[in-house]
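# Reading the structure
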Amino acid sequence: MKAISKSAIDILDKRILVTAFLSVFLIHGEMLFKKLSWYDDLGITFSGNITPVTPPMIHGRFFYHWLVIWRAYLSGPESLPAVYGAIGAIFMALMVNIIIKQFQIEKSLPQFAFVLIFVSIPAVAGHFGYMESSIYDFFGAFLCVLSGYIICRNDVKVSAVQLSACILAFSIGEYQCYITFFLTIALVHFIGQILKEKYTWADYFKKALCYVGTGIIGIIFYLVILKINLAITSLKLASYAGTDTFGITSFAGYLQRIADAYSDFFVPNIEAEYCMFPFHFAGWHRILLASMILSAVILMILLVKNGYAVSAFQFMLALVLLPAAINFNMILYDKQNMHSLHQYHLCMLFVLWYILARTLSLFWKEGIFRKISSCMCSFTAVVYLIFGCLCIRYDNCCYMLAEFRHQRVTVYYTTLITRIQSLDGYNPGSPVVISMQGKR
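Residues numbered from 1 in each chain as written. Predicted model: local features only at pLDDT ≥ 70, side-chain atom pairs only at ≥ 80, totals over all residues. Heavy atoms only, no water.

### Remarks on the overall build of the chain
- Assigned secondary structure in the chain consists of 19 helices and 0 strands.
- Every one of the 440 residues in the chain was classed for burial, and the buried ones make up 51%.
- When the accessible surface of the chain is summed, it comes to about 21,500 Å², and 67% of that surface belongs to carbon and sulfur atoms. (Helix = DSSP H or I, 4+ residues; strand = E, 2+ residues; numbered from the N terminus. Buried < 20%, exposed > 50% of the residue type's maximum accessible area, 1.4 Å probe, protein only. Areas by Shrake-Rupley, 256 points an atom, 1.4 Å probe, with all protein chains shown as cover.)

Take a look at the structure:
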């Protein structure tokens, strides 16, 4: 345990932390320095209740439930964008710091590119749309990243599995979609290790079972803690999005979900609400997918050519599981219930592409590709910077739209109230009923 604690402290990098923290305010300042209430934020802030009207517990989010109650009793139900943004920025900075250190991204340009992606991907703007709950969501994501880091750096150790699974249980208890984030982190790390080390089949399956087993134990811990909390609070799970059934379906239903997960990985629904590509531009998905497939194929050829046929096959097996891991939310529940808040883990696809590009640059140290390979990682980072800049623009377009809709609502109700007050016989003490039946 002491080794784990020391490792967690050693990975902190002030330069990355400060850059990520400041980037959040520079990118999302439109949202954080204005009050653009959206969705649940209005109802929670102005309900007059110290806790949410709908307890998060009934949605299976036991940790979120208690975090809301503890925070509410300390500071009341106020939703403070700048304060919550600062807290969220701290958790995002810690997350991207851990990811960068875990995957040994050492050059400054790629580091900055990953900071930009992790704090600007549209899922972040989605979380800030639910401002009151954003700090809990980012805290849950941080716990997930921490859980993944612990098991990936200390795998096959019983203490690491126990600690990682326990932290993962609370992360899932904050938001169930973080099980997908954990699996994606573990799989991307595993792929990177396969390319770096020569595993025997025994070691290969031992590590794979360790990662999968940690996830399963974490889910079991989550279910046990949730059951205890439901008994303590005398609450029942809601039917919303299949929460009460935990998304359980028939065997044929699971086969269909798996097929949907693989189909969406290769041919995604760009128009879907959960799309993470700025302005729903399909070209970004094609660039990312084509680059990863091309890099993977070349790597397998090079591995075989250099006498690592077993590693090439192990690498291929891990890649086959990638669509299932990335779209594991689709396997857990119907994809109709997915939205942007469930997709933060897609940042890991960019980490994977960088790992593939970096490994290629190590293989191609001779021949005609030597000069190309030497700048491959830098080229990948530049592509990421362009993607990040488009994410920034997309986020701020969303914030501008939110502000515009606020202005329209204000103008509409101001005009409506003025017209009501101008009616003959209007009495300020009379109740007013607005009927909009059949109108949109």
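Next comes the rest of the description.
### Let's talk about the nonpolar core
- Residues Phe128, Phe181, Phe315 and Tyr344 are the most contacted members of the largest nonpolar core, which totals 138 residues.
- Per-element tally for this core: the top contributor is helix H8 (residues 131-153), with 14 residues.
- Every residue in contact with tyrosine 344, bar those within four places of it in the chain, is listed here: Met92, Met95, Phe118, Ile121, Ala123, Val124 and Phe181. (Core = buried A, V, L, I, M, F, W, Y, C linked by side-chain atoms within 4.5 Å. Contact = heavy atoms within 4.5 Å.)

### Regarding the packing of helix H5 (residues 81-102) against H8
- Between H5 and H8, the least distance of the axes is 9 Å, while the angle of their chain directions is 15°. In this view, H5 runs roughly parallel relative to H8, as classed from their interaxial angle. Judged by the twist between their axes, the crossing of H5 over H8 is left-handed. (Axes fitted to C-alpha atoms, helices over the stretch in contact; angles between N-to-C directions. Parallel < 35°, antiparallel > 145°, perpendicular 65-115°, else oblique. Left-handed = near helix turned anticlockwise from the far one by under 90°.)

### What to know about the side chain of aspartate 137
- As for its placement among the helices and strands, aspartate 137 is situated in helix H8.
- Residue classification places aspartate 137 among the buried residues on the basis of a relative accessible area of 1%.
- Those residues within four positions of aspartate 137 in sequence are excluded, and the remaining contacts are Arg61, His127, Glu174, Tyr175, Tyr178 and Leu341.

### Some points on the packing of aromatic side chains
- One pass over the structure, following the stated rule, counts 30 aromatic pairs.
- Summarising the aromatic geometry, the rings of phenylalanine 62 and phenylalanine 170 are spaced 5.8 Å apart at their centres and angled 65° between planes, so their arrangement reads as edge-to-face. Of this pair, phenylalanine 62 sits in helix H4 (residues 62-75) while phenylalanine 170 is found in helix H9 (residues 158-174), placing the two residues 108 residues apart along the sequence.
- For the ring pair phenylalanine 350 and phenylalanine 387, a centre distance of 4.8 Å and an interplane angle of 40° mean the geometry is tilted. Pair noted here: phenylalanine 350 is in helix H17 (residues 347-363) and phenylalanine 387 is in helix H19 (residues 376-421), with a separation of 37 residues, a long-range link.
- Its relative accessible area of 6% is what places phenylalanine 350 among the buried residues.
- Taking the relative accessible area as the measure of exposure, phenylalanine 387 reaches 1% and is therefore buried.
- Here the aromatic residues Phe62, Phe63, Phe91, Phe139, Phe142, Phe170 and Tyr222 are joined through ring pairs into a cluster of three or more.
- Positioned above the aromatic ring of tyrosine 175, the side-chain terminus of arginine 61 is 4.0 Å from the ring centre.
- Positioned above the aromatic ring of tyrosine 254 is the side chain of arginine 257, whose terminal nitrogen or guanidinium carbon lies 5.5 Å from the ring centre. (Phe/Tyr/Trp six-rings, centres within 6.5 Å; stacked < 30°, edge-to-face > 60°. Lys NZ or Arg CZ within 6 Å of the ring centre and 35° of its normal.)

### Digging into unusual backbone geometry
- At glutamine 104, a position not held by glycine, the phi torsion is positive, near 55°.
- By the secondary structure assignment, glutamine 104 is in the loop between H5 and helix H6 (108-120).
- Its identity is not glycine, yet serine 234 carries a phi of approximately 55°, on the positive side.
- Among the structural elements, serine 234 can be located in the loop between helix H11 (201-233) and helix H12 (251-266).
- Residue classification places serine 234 among the exposed residues on the basis of a relative accessible area of 65%.

### Here we look at the packing of H6 against H19
- Close contact between H6 and H19 brings their axes to 8 Å; oriented N to C, the two are set at 25°. With respect to their mutual orientation, H6 and H19 come out roughly parallel. You can see that H6 and H19 cross each other, and the crossing is left-handed. Of H19, the residues touching H6 (which contributes Leu109, Pro110, Phe112, Ala113, Phe114, Leu116, Ile117 and Ser120) are Ser378, Ala381, Val382, Tyr384, Leu385, Phe387, Gly388, Cys389, Cys391, Ile392 and Asp395.

### Side note on H17
- For H17, built from 17 residues, the straight-helix expectation of 24 Å at 1.5 Å per residue is met to within 8% by its first-to-last C-alpha distance of 25 Å.
- With 14 of its 17 residues buried, H17 lies for the most part within the structure. (Expected span 1.5 Å × (residues − 1).)

### Considerations on the confidence of the model for the chain
- Of the residues in the chain, 88% have a pLDDT of 70 or more, and the chain-wide mean is 84.
- Confidence, read as mean pLDDT per element, is least for helix H1 (residues 2-10) in the chain (54) and greatest for helix H10 (residues 178-196) (94). (pLDDT = per-residue confidence, 0-100.)

### A few points about the environment of proline 122
- Position of proline 122 relative to the elements: it lies in helix H7 (residues 122-129).
- Proline 122 sits 222 residues away from tyrosine 344 along the chain, and the two C-alpha atoms are 8.3 Å apart.
- Not counting the four nearest positions on each side in its chain, proline 122 is found in contact with Met276, Cys391, Tyr394 and Asp395.

### With respect to a nonpolar patch on the surface
- On the surface, Val212, Ile216, Ile217, Ile220, Phe221, Val224, Ile228 and Ile232 cluster together to form a nonpolar patch covering roughly 690 Å² of accessible area.
- The partly exposed category is assigned to isoleucine 217, whose relative accessible area is 32%. (Patch = residues over 30% accessible without salt bridge, like charges linked within 9 Å, V, L, I, M, F, W, Y side chains within 5 Å. Salt bridge = Lys/Arg side-chain N within 4 Å of Asp/Glu carboxyl O.)

### Digging into the pattern of salt bridges
- If you walk through the whole model with that rule in mind, you get 5 salt bridges.
- Lysine 34 is the partner of glutamate 403 in a salt bridge, and the nearest nitrogen-oxygen pair spans 2.9 Å. Here glutamate 403 is found in helix H19, whereas its partner lysine 34 is found in the loop between helix H2 (14-32) and helix H3 (40-45), with 369 residues between them in sequence.
- Owing to a relative accessible area of 32%, lysine 34 belongs among the partly exposed residues under this scheme.

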